[in-house]
Amino acid sequence: MTDAVRASAADRGPAGLSGRQHEREVLDGLLRGVRESRGGAVVLLGEAGSGKTALLDRCASAAAAGARLLRCTGVQSEAALPYAGLQVLLRGALDLARSLPERQLTALRGAITPDDVPAGDRFLVGAATLGLLDELAEERPVVVLVDDANWLDLETVDALLFAARRLGRGRVAMVVAAHEDAAAFEGAPGLPVLHLGPLTDEEGAALLAGRAPELHAAVSSRILGLAQGNPLAMVELVGALTAAQRDGSEPLDAREIAVLPASWRVRRIFDERIRALPAPTRLLLTVAAADDTGDLALLVAAGERVGATAGDLGPAEAADLVRVSGRRLVFRHPLARAAAYQGAVLAERTAAHRALAEAAPAADDMGRRAWHLAAATVGYDEEVAAELERSAELFRSRGGRAAVAAAYRRAARLTGDQEARSLRLVAAAAAAAEAGQVELAGMLADEAGPVSSPPAVARLASVRAAREHEQGRAESARLLLVEATSEVTADRPAVGAWLLFESAAMAWEAPDPVAAARHTRARVAGLDFGEHPVHRGAAGVLDILAGDLVDGAAAVREFADYVVRTRHERSLTDEVRLHGWDVLLGEYRTVHDQAVALERECRVEGAVGMLPRVLLRLARLRLFLGRHRDAYTTAVEGLEIACDTGQRHLATMLRGVLAVLAALDGKEPGATEGPEGTDGPGGRDLLGRGSAGQPGQDLCPGVAPSPFWLTRARGLLDLGLGRYDRALHHFAALTRGPHQHLMVSVHSLPDQVEAAMRTERAAEARSAAESFARWTGATGPAWARAVELRCHALLTADAATAEEFYERALAAHEGDGRPFEEARTRLLYGEWLRRAKRRADAREALTVALKSFERMPAAAWANRARAELRAVGVAPASAAGTAFVDRLTAQELRVVRLAATGLSNRDIGACLFLSPRTVGYHLSNAYPKLGVTSRAALGALDLG
């Protein structure tokens, strides 16, 4: 043995951890930090046997002194039960919750306690989990350890990841271990990930030297080759050797020469160890492996039904496969559990599940009994299928959409009748779509095959369209919805109206919106929707897209009035779907105020999954209204939650808003505007995961701004910097090219007029102005009339006429709610006055424009105004001192504004889905920047 190997062996720590120096240092830092209110989370990824469990055990040992330890392990047979993992993790801690917000506490009780019904989605449960962990940490630090997370149910995964990303400033540490190919954790956005690769030969030799110092060098070399750098494989392979094999006097078993992954070699060792056990012990291990609770009493009761007793556990303990801790049974390693379950024959597994179903307490969650019955059933069984269907509806009441899908899918497998089977698959597909499992939903929809009932036809079409939309095929989604509309409307006019509404939304995003809208109108022209108001809204949207602006505007206005008038008659989900289409009419302030109310309702209801859509709407409206700081903070929060909840399509839109804001501030809009790497308005750092979770992590890696928003951002930057040829190219692409989008295109038309006139392309400018005038004539908002007059001023060559148009435009801007457009009109008027040698008048217009641009802020345009002022002989004062709000990060500003209203840290945390400690951290950072020492002084500040 070399000196290096001896040194490594002496420093290896617990068995199985040799060579994991970097991982140990990271986890040690995490555990040290949690004692200093620097919480956080780490994801460990690696193949079976790579040392994940050993690292968790090491964390558990370190946490034993002075910290509360919460631990759970995912179990394959329980992966479809909603919150099964969370129940194991938090079942002993829920009673310690003292001050969680009511809705969060209700949601968490419903997730963990079968008798309660939750209110809210799985991300609200995640917020509640965060709150509970933070409460527990008030007494002492909390360490959460999760093993085999790839076998956790989706609801638990979403809740834990939502909480984990927000642990940055508390006394909670979380370590999640999963198999290396676990899609939910690979590159988990917002969380550091440690990949456990194979040990080097030197590290492996040190491990073997520590476990078996007498091992012959040739045998050690052979084991290293067989183990392929897998530490558990090394430990188990050397443990399986006889004394003669260890000293080299007897050859190794030739069967080990087979080329197998190291984890399979370990499985085989466990398989052989289990096969050597008495038959009752093997059966008892199979029962234990099929259950995730580890409840010893349940295990013994189920074991008696397969002919085993508590005493039969002894041989399994002696073989180092399981251990009993208090009233729980724990497998030594997840691979031992896998060997106990997967190594059993089908009859033994079915017997184990049937025994668990029969032994389940009468008051227990019906879901486990149903799943055990299903696992014990071979062939068709309508009674078990019906029980699974009942459990699916129980899961739905508890917020477990993924579990609903799994239950209906399994029920369909047990259903002999083809029509009933198809309907259950339709229900599974719809639930999977609601859970965000778009690919699975599409697969289930395809498996369902043809259906005849109109509701089923509609649900299948919506699911398939969602899959197409998620994959960037809006036109294909539209066609699916239009066909379904034609098929169901005669029997179900209301269902048809909703499908048409969905298809109108898809036409909005189609490559050629005009052609898509016209095709949709022609396809449904003869259908009778029974005067359904949703049909009226869909028809209005399609008319506007098709170019029938007058009729379309009237229909959309009528529909918007209906939505406002009946808003209390619908669910929050439908309200979010129907709200805001009058944005097509340019009614930004009205729609904004309604969106603010929706945002408040989402926060109160804990509708975390819907919040990003509302925040996107608000961010766009605030951008249109010239409230750039508010648009920025809103878009950042929306982006964080969209990425947390897996809504990548919304994330691309929110990144697009941030790209436009960056361009207005004079920064080149790149492909990843958002947390990390982009400054916000006024030069502030755009907040990354340091706001609530891990610093330095891009929350949505690889998510770029939507193409049409990015194109608009580049056009605005070029226009602001005087690069008119380039600007015109971008704006033309928005109005005629592949990046068309109705409202983005409408806003780009006046910009196109300015860029075309600067490059002496009057005909192009005139065409754009006429298009904008047509839209203005049909919709009529005051701001649009003002901008239309500005376009006329740019187009006219007569000085007196141009001046009249500018003056009329400024008069029309009064109170129109579009300060950015008004400042641009003043800038252009000031430039015109300078060229007309009217320096004093130019100075006045340009000075007002400059102040307005600085206030928003819009640095690129402010620089244009300064350049014009210098051209008239004025040395413009440097920008005013940094405003209070410009000193804060986006998260600090949100927290401070809420604190100024008198809300407590806990109430603020409930609004923003942060822990109270994180709120306190942001306030403590904000106070010095604002020059105050307490929240009482915040009310006197101008916080925008």
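Structure first, text after, so check above.
A. Representation of the overall build of the chain. What the chain contains, in helices and strands, is 45 helices and seven strands. Here the chain, with 944 residues, has 58% of them falling under the buried criterion. Counting contacts in the chain only where the partners sit at least 6 residues apart, residues at least 24 apart contribute 69% of the total. Carbon and sulfur atoms make up 52% of the accessible area of the chain, which totals about 35,600 Å².

B. The arrangement of the nonpolar core in detail. With 183 residues, the main nonpolar core has Leu108, Phe185, Phe853 and Trp861 as its most contacted residues. Broken down by element, this core gets its largest block of residues, 11 residues, from helix α33 (residues 648-664). The residues contacting Leu108, other than those within four sequence positions of it, are Leu86, Leu90, Leu94, Leu100, Val125, Ala128, Thr129 and Leu132. Within the second largest apolar cluster, 52 residues are counted, among which are Val238, Leu298, Ala302 and Ala352.

C. Just the packing of aromatic side chains, in detail. Scanning the model with the defined rule gives 19 aromatic pairs in all. Arranged with centres 6.3 Å apart and planes meeting at 65°, the rings of Trp498 and Phe501 form a pair that is edge-to-face. Of this pair, Trp498 and Phe501 both sit in helix α25 (residues 493-509), separated by three residues, roughly a single helical turn. With respect to class, Trp498 is no different from Phe501; both count as buried. Taken together, a centroid distance of 5.7 Å and an interplanar angle of 85° make the contact between Trp508 and Trp581 edge-to-face.

D. How the structure looks around the sheet that holds strand β3 (residues 142-147). The five strands lie next to each other as β2-β3-β4-β1-β5, forming an open sheet whose pairing is parallel. Each edge of the open sheet carries a strand with a single partner, namely β2 (68-73) and β5 (193-196). Looking at each pair of strands side by side, their axes are set apart by 15° on average, direction ignored. In this structure, β3 lies alongside strand β4 (residues 172-179), joined through five bridges in parallel fashion. Bridge pairing in β4 links Leu145 to Val175.

E. Geometry of the pattern of salt bridges. According to the stated counting rule, one finds 56 salt bridges in the structure shown. Linking Arg627 and Asp630 is a salt bridge whose minimum nitrogen-to-oxygen distance equals 2.9 Å. Counted as one network, the salt bridges with shared partners bring together Arg712, Asp751, Glu754, Arg758, Arg790, Arg818, Glu821, Arg824, Glu831 and Arg864.

F. Expanded view of the side chain of Arg866. In this fold, Arg866 is placed in helix α42 (residues 859-871). For Arg866, a relative accessible area of 14% gives the class buried. Among the polar contacts made by the side chain of Arg866, one reaches the side chain of Glu854 at a distance of 2.8 Å.

G. Quick look at unusual backbone geometry. Here the bond from Met856 into Pro857 is cis, since omega is -5°, no more than 30 degrees from zero. The residue Pro857 is located in the loop between α41 (839-855) and α42 in this model. With phi around 65°, Tyr83 is a residue other than glycine that occupies positive phi space. On the secondary structure map, Tyr83 appears in the loop between β2 and α4 (84-90).

H. Representation of the pairing of strand β6 (residues 322-325) within the structure. With four bridges joining them, β6 and strand β7 (residues 328-331) adopt antiparallel strand pairing. For Val322, the partnering residue across the bridge sits in β7 and is Phe331. Connecting β6 to the antiparallel partner β7 that follows it, the hairpin turn spans two residues, and Gly326 within it adopts a positive phi of roughly 65°.

I. Focus on the environment of Arg109. In this fold, Arg109 is placed in helix α5 (residues 102-112). Sequence-wise, Arg109 and Asp95 are 14 residues apart; in three dimensions their C-alpha atoms are separated by 9.5 Å.

J. Quick look at the packing of helix α23 (residues 454-470) against α25. Interhelical geometry of α23 versus α25 gives an angle of 10° and a closest axis separation of 11 Å. The angle between α23 and α25 falls in the class roughly parallel. Residues Ala458, Ser462 and His469 of α23 form the contact with α25, whose own contacting residues are Val495, Leu499, Glu502, Met506 and Glu509. Across the contact of α23 with α25, the residue classes break down as four nonpolar, two polar and two charged.

K. View of the packing of helix α24 (residues 474-488) against helix α26 (residues 513-523). Between α24 and α26, the least distance of the axes is 10 Å, while the angle of their chain directions is 10°. If you check the angle between α24 and α26, you find them roughly parallel. Across from Glu475, Arg478, Leu479, Val482, Glu483 and Ser486 in α24, the residues of α26 making contact are Ala516, His519, Thr520 and Arg523. Looking at the contact of α24 with α26 residue by residue, the classes come out as three nonpolar, three polar and four charged.

L. Quick look at α33. Taking 1.5 Å as the rise per residue, α33 with 17 residues should run 24 Å; its terminal C-alpha atoms sit 24 Å apart, in good agreement. With 15 of 17 residues buried, α33 lies mostly within the body of the structure. Immediately beyond the C-terminal end of α33, within one or two residues, lies Gly666, with a positive phi of roughly 85°.

M. Representation of the pairing of β2 in the model. Of the two faces of β2, the one lined by Arg68, Leu70 and Cys72 is fully buried and the one lined by Leu69, Arg71 and Thr73 carries no buried residue. Of the strand pairs in this sheet, β2 and β3 are connected by six bridges, and their pairing is parallel. Note on β3: the bridge partner recorded for Leu69 is Val143.

N. Structural view of α41. End to end, α41 covers 24 Å across 17 residues, agreeing with the expected 24 Å (1.5 Å per residue, within 8%). Within α41, burial applies to Ala842, Ala845, Leu846, Ala849, Leu850, Ser852 and Phe853. Along α41, the residues classed as buried sweep out an arc of 165° about the axis, all on the same side. Across from the buried face of α41, at angles greater than 90 degrees, the exposed residues are Glu844, Lys851 and Arg855. Buried-residue contacts for α41 involve α40 (819-835) and α42.

O. Just the environment of Ala823, in detail. Looking at where Ala823 falls in the secondary structure, it is placed in helix α40. Note: C-alpha distance between Ala823 and His813 (10 residues apart in sequence) is 9.5 Å. Excluding residues that lie within four positions of it along the chain, Ala823 makes contacts with Ala849, Ser852, Phe853 and Met856.

Rules used throughout
Residues numbered from 1 in each chain as written. Predicted model: local features only at pLDDT ≥ 70, side-chain atom pairs only at ≥ 80, totals over all residues. Heavy atoms only, no water. Helix = DSSP H or I, 4+ residues; strand = E, 2+ residues; numbered from the N terminus. Buried < 20%, exposed > 50% of the residue type's maximum accessible area, 1.4 Å probe, protein only. Contact = heavy atoms within 4.5 Å. Areas by Shrake-Rupley, 256 points an atom, 1.4 Å probe, with all protein chains shown as cover. Core = buried A, V, L, I, M, F, W, Y, C linked by side-chain atoms within 4.5 Å. Phe/Tyr/Trp six-rings, centres within 6.5 Å; stacked < 30°, edge-to-face > 60°. Pairing = 2+ DSSP bridges. Axes fitted to C-alpha atoms, helices over the stretch in contact; angles between N-to-C directions. Salt bridge = Lys/Arg side-chain N within 4 Å of Asp/Glu carboxyl O. Polar contact = N/O pair within 3.5 Å; in protein donor to acceptor, adjacent residues only side chain to side chain. Parallel < 35°, antiparallel > 145°, perpendicular 65-115°, else oblique. Nonpolar A, V, L, I, M, F, W, Y, C, P; charged D, E, K, R; others polar. Expected span 1.5 Å × (residues − 1). Arc of directions from axis to C-beta.

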